[in-house]
Amino acid sequence: MSVTLIGTRLQQELLESLFHKHSLALKKFLRGRSGCCEPEDVIQEIFAKLAKRNDLKDKFGQDEKRNRAYMFTMANNIVVDIERSNSSRRRNEDVVQTHTLLVEDSSEGSPEVLAQALEDLEVMKMTLKKMNPNWSKAFMLNRFKNLTFPQVAEKMGVSVKTVEKYVRNALIELRRDLMDLQGGSSI
């Protein structure tokens, strides 16, 4: 038990030392690097990840330049992940918004609007059947089974990035076919 406490105390001291030495530089770097997130949040995530490492003492020796470079790399990777996630979310929101605009009038409940909604549904079914099976499966698991991208990735045995690509491609196909049905130009 005392070995764990000593190890924990040493790790805590090392984390505090790293924070005091590098947090200001990280904050300045992050302010210049990204407008997508708060620098303090990214720094907190960096140190939360570092706190979970069992090899922290071995990884962060006396070479301050190496320590700094490692934390800057972590900061950059976190920002890239956030930007990628935000970009994917914006693309998905754009497609959903377009579809919402296409069927927005359905609140009236008129027979014409209902008929159009049913026709849209049929087009969506046909499009899902004819598209790449991986795209269709990823889309249906995400949108109809409400699975997250990581859950879909695990179920399909692919990476999260691949799932994002599959769903994006499915949405593009659906959007194109719905726009063609509406007499609009495909995007």
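What you see is a predicted model, and the numbers here were worked out from it, not measured in a lab.

Trainee: For the overall build of the protein, give the residues involved together with the corresponding values.
Mentor: The helix and strand inventory of the protein stands at eight helices and zero strands. Overall, the protein shows an N-to-C arrangement of helices and strands of α-α-α-α-α-α-α-α. Here the protein, with 187 residues, has 32% of them falling under the buried criterion. Across the protein, the fraction of contacts at a sequence separation of at least 24, relative to all contacts at a separation of at least 6, is 65%. For the protein, the accessible area works out to roughly 12,100 Å², and carbon and sulfur atoms hold 53% of it.

Trainee: Pulling in residues and values, what's your account of a nonpolar patch on the surface?
Mentor: Among the surface-exposed residues, Leu 114, Leu 118 and Leu 121 lie close enough to one another that they form a single nonpolar patch of about 290 Å² accessible area. Secondary-structure assignment places Leu 114 in helix α5 (residues 111-130).

Trainee: Account for helix α2 (residues 39-52), naming residues and giving values.
Mentor: Helix length check: α2 (14 residues) gives 20 Å between terminal C-alpha atoms against 20 Å at 1.5 Å per residue, within 8%. Considered for burial, the residues of α2 that qualify are Pro 39, Val 42, Ile 43, Ile 46, Phe 47 and Leu 50. For α2, the angular spread of buried residues about the axis comes to 130°, placing them on one side. Pointing more than 90 degrees away from the buried face of α2 are the exposed residues Gln 44 and Lys 52.

Trainee: How would you sum up the nonpolar core? Please name residues and give values.
Mentor: Counting 20 residues, the largest nonpolar core has Leu 26, Val 42, Ile 46, Phe 47, Leu 50, Phe 60 and Met 71 as its most contacted members. Residue assignment for this core shows that the elements contributing at least two residues are α1 (2-33), α2 and α4 (64-102). Beyond its immediate sequence surroundings of up to four residues, Leu 26 is in contact with Ile 43, Ile 46, Phe 47, Met 71, Phe 72 and Ala 75. Met 124, Val 152, Val 163 and Val 167 belong to the second largest nonpolar core, which has 19 residues in total.

Trainee: Requested: an account of the pattern of salt bridges, with residues and values cited.
Mentor: Following the criterion strictly, the structure yields eight salt bridges and no others. As a salt-bridge pair, Glu 173 and Arg 176 come within 3.2 Å of each other at their nearest N and O atoms. Separated by three residues within a single helix, Glu 173 and Arg 176 lie in helix α8 (residues 160-182), roughly one turn from each other. Of the residues examined, Glu 173 reaches a relative accessible area of 18% and is grouped as buried. Three or more residues are tied together by salt bridges with common partners; here these are Lys 130, Glu 173, Arg 176 and Asp 177.

Trainee: Please set out the confidence of the model for the protein residue by residue, giving values where relevant.
Mentor: For the protein, the average pLDDT comes to 78, and 78% of its residues sit at 70 or higher. Taken element by element, the predicted model of the protein shows its lowest mean pLDDT in α4 (73) and its highest in helix α7 (residues 149-156) (92). Confidence drops under a pLDDT of 50 for residues 1-6, and excluding neighbours within four residues, the segment shows zero contacts in the predicted structure.

Trainee: Describe the packing of aromatic side chains, naming the residues involved and giving the relevant values.
Mentor: The full count for this structure, using the stated rule, is three aromatic pairs. Ring centres of Phe 29 and Phe 72 lie 4.9 Å apart, and the angle between their planes is 55°; this geometry places the pair in the tilted category. Of this pair, Phe 29 sits in helix α1 while Phe 72 sits in helix α4, and the two are 43 residues apart along the sequence. Ring centres 5.8 Å apart and planes at 90° place the aromatic pair Phe 139 and Phe 144 in the edge-to-face group. Its relative accessible area of 5% is what places Phe 139 among the buried residues.

Definitions and cut-offs
Residues numbered from 1 in each chain as written. Predicted model: local features only at pLDDT ≥ 70, side-chain atom pairs only at ≥ 80, totals over all residues. Heavy atoms only, no water. Helix = DSSP H or I, 4+ residues; strand = E, 2+ residues; numbered from the N terminus. Buried < 20%, exposed > 50% of the residue type's maximum accessible area, 1.4 Å probe, protein only. Contact = heavy atoms within 4.5 Å. Areas by Shrake-Rupley, 256 points an atom, 1.4 Å probe, with all protein chains shown as cover. Patch = residues over 30% accessible without salt bridge, like charges linked within 9 Å, V, L, I, M, F, W, Y side chains within 5 Å. Salt bridge = Lys/Arg side-chain N within 4 Å of Asp/Glu carboxyl O. Expected span 1.5 Å × (residues − 1). Arc of directions from axis to C-beta. Core = buried A, V, L, I, M, F, W, Y, C linked by side-chain atoms within 4.5 Å. pLDDT = per-residue confidence, 0-100. Phe/Tyr/Trp six-rings, centres within 6.5 Å; stacked < 30°, edge-to-face > 60°.

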